[in-house]
Amino acid sequence: MSVIHVQYYKNSDTEFIIGAYEDKLCLLDYRYRKMREQIDKRLQKGLNAEYLFEDTATLQRARLELDEYFSLQRSSFDIPLLMVGSDFQKSVWEGLLRVPYGKTASYLELAKDIGNEKAVRAVANANGANAISIMIPCHRIIGSNGKLTGYAGGLALKKRLLDLEQNLFIS
């Protein structure tokens, strides 16, 4: 069986679990989110791999890129990503990657972007199943009314991330 190397990464706002499989980041998720077990099972089953708490160069690079993001020195990520999910989920996550830094989109806009405007609820579910938060920017998706909606890291953190990307807060 293969391994997904994992580590915890903590900053002033939250704590993540990060994971790498064959030199690609496959996990950057909130350590204490409600769907933690479902996400872990999907990754382990999809990659036929077990978690191993061991650091790697990929995980070190992920932490560096995150540090740069949170300190306003990075607006895009270079680390290779490995998405593990259904074809539909992957299409939603690819759509998320097209939402520019500092911008937001609604679930309906995202559904239209992937060519499936009637699948708003399914798009929202796939958005919530994203295992690579921040780098696949699910926090940039808001309700059609402009309001912040559910986020695995909590709405306060979602607001902070959106503010960070617009340089609206002072550390």
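Predicted model, so just to flag it, every value in this text is computed and none were measured.

A.B. asks: Please explain the confidence of the model for the protein as it appears in this structure.
C.D. replies: Note that predicted coordinates carrying low pLDDT should not be read in detail. The predicted model of the protein averages 91 in pLDDT, with 98% of residues at 70 or higher. Mean pLDDT values over the elements of the protein span from 88, in helix α6 (residues 155-165), up to 97, in strand β4 (residues 49-53).

A.B. asks: How should the packing of aromatic side chains be read in this particular structure?
C.D. replies: Any aromatic ring pair is given by two values, namely how distant the centres are and how the planes are angled relative to each other. Counted by the stated rule, this structure contains eight aromatic pairs. Arranged with centres 5.3 Å apart and planes meeting at 45°, the rings of Y8 and F53 form a pair that is tilted. Within this pair, whereas Y8 is found in strand β1 (residues 2-10), its partner F53 is found in strand β4, the two being separated by 45 residues in sequence. Here Y8 falls in the partly exposed class, since its relative accessible area comes to 35%. Assessed through its relative accessible area of 48%, F53 is described here as partly exposed. Measuring from centroid to centroid gives 4.9 Å for F16 and Y30, while their planes differ by 35°, and the two rings are tilted.

A.B. asks: What should I look at first to understand the nonpolar core in this one?
C.D. replies: Counting 36 residues, the largest nonpolar core has F16, L25, L28, F70, I134, M135 and L161 as its most contacted members. The element best represented in this core is helix α2 (residues 57-70), accounting for five residues. Residues within four places of L25 in sequence aside, it is in contact with G19, A20, T58, L59, A62, I79, P80, L81, L82, I132 and M135. Of all hydrophobic cores here, the second largest spans 13 residues; its members include V6, C26, L27 and I39.

A.B. asks: Help me out: how do you make sense of the pattern of salt bridges in this one?
C.D. replies: Here the idea is simple: oppositely charged side chains can pair when their charged atoms come close. Evaluated as defined, the whole model comprises 13 salt bridges. Note that D55 and R63 form a salt bridge whose closest N and O atoms lie 2.7 Å from each other. Relative accessible area serves as the criterion here: at 32%, D55 is assigned to the partly exposed category. We note a salt bridge from D163 to K159, for which the minimum N-O separation is 2.9 Å. Placement of both D163 and K159 in helix α6 is noted, with a separation of four residues, approximately one turn of the helix.

A.B. asks: Which parts of the structure should I look at to understand α2?
C.D. replies: The α-helix advances 3.6 residues per turn, and as a result positions three or four apart in sequence lie on the same side. In a regular helix each residue adds 1.5 Å, so 14 residues correspond to 20 Å; α2 covers 20 Å between its end C-alpha atoms and thus fits that length. Looking at the packing, one finds that the buried side of α2 touches β1, β2 (15-21), β3 (24-30) and α6. Remark: L72 follows α2 within two positions and exhibits a positive phi of approximately 65°.

A.B. asks: Please clarify how the packing of helix α3 (residues 87-97) against helix α5 (residues 120-128) should be interpreted in this entry.
C.D. replies: Pairs of packed helices are described in terms of their axes, by the angle between the two and the distance that separates them. Two elements in contact, α3 and α5, have axes whose closest approach is 9 Å; the angle formed by their N-to-C orientations is 80°. When the axes of α3 and α5 are compared, the pair comes out roughly perpendicular. Contact with α3, carried on its side by F88, Q89, V92, W93 and L96, involves A122, V123, A126 and N127 of α5 and no other residues of that element. Per-class residue counts for the contact of α3 with α5 are seven nonpolar, two polar and no charged.

A.B. asks: I keep staring at the pairing of β2 and nothing clicks. Help me out?
C.D. replies: For a regular strand, the rule is simple: side chains alternate between the two faces of the sheet. Burial within β2 is extensive, with seven of its seven residues counted as buried. Of the pairings in the sheet, the one linking β1 to β2 comprises six bridges and is antiparallel in character. Looking at the pairing, H5 lines up with A20 of β2. Taking the residues that link successive antiparallel strands as the turn, the β1-β2 hairpin has four residues. Relative to β3, β2 runs antiparallel, the two being bridged by six bridges.

A.B. asks: How do you make sense of the sheet that holds β3 when you look at a structure like this?
C.D. replies: Whenever strands of a sheet pair, they do so through backbone hydrogen bonds, lying parallel or antiparallel. Pairing within the open sheet is mixed, and its four strands lie in the order β3-β2-β1-β4. Of all strands in the sheet, those bounded by a partner on one side alone are β3 and β4. Across this sheet, the average inter-strand angle for adjacent strands is 30°, counted without regard to direction. Contacts from helix α1 (residues 36-47) reach β1, β2, β3 and β4, with the element oriented near 165° to β3.

Parameters and conventions
Numbering of residues begins from 1 in every chain and follows the order in which that chain's sequence is written. In keeping with the predicted nature of the model, local features appear solely for residues at pLDDT of at least 70, side-chain atom pairs appear and are counted solely at 80 or more, and the whole-chain, interface and lining totals rest on all residues. Heavy atoms throughout the structure, all of them, feed into the side-chain values; hydrogens and water do not. A residue's pLDDT is the confidence the predictor assigns to it, expressed on a 0 to 100 scale. Elements are defined by DSSP. Helices are runs of H or I of four residues or more, strands are runs of E of two residues or more, and each kind is numbered from the N terminus. Classification of ring pairs uses Phe, Tyr and Trp, with its six-membered ring standing for Trp, and accepts pairs whose centres are within 6.5 Å; under 30 degrees between planes counts as stacked, over 60 as edge-to-face, and the remaining range as tilted. Each residue is placed in one exposure class: buried if its accessible area under a 1.4 Å probe, protein chains only, is under 20% of its type's maximum, exposed if it is over 50%, and partly exposed if it falls in between. To form a nonpolar core, buried Ala, Val, Leu, Ile, Met, Phe, Trp, Tyr and Cys residues must be joined to one another through side-chain atoms within 4.5 Å. Here, residues are in contact when the closest pair of their heavy atoms is within 4.5 Å. Throughout this description, the term salt bridge denotes a Lys or Arg side-chain nitrogen within 4 Å of a carboxyl oxygen of Asp or Glu. To estimate the expected span of a helix, count its residues, drop one, and scale the result by 1.5 Å. To get an axis, a line is fitted to the C-alpha atoms, and for a helix only the part in contact is used. The angle between two axes follows their N-to-C directions and goes from 0 to 180 degrees. Here roughly perpendicular refers to angles of 65 to 115 degrees, roughly parallel to angles under 35, roughly antiparallel to angles over 145, and oblique to all remaining angles. Residue polarity follows a fixed list, in which Ala, Val, Leu, Ile, Met, Phe, Trp, Tyr, Cys and Pro are nonpolar, Asp, Glu, Lys and Arg are charged, and the others, Gly among them, are polar. Strand pairing is assigned whenever DSSP detects at least two bridges linking the two strands.

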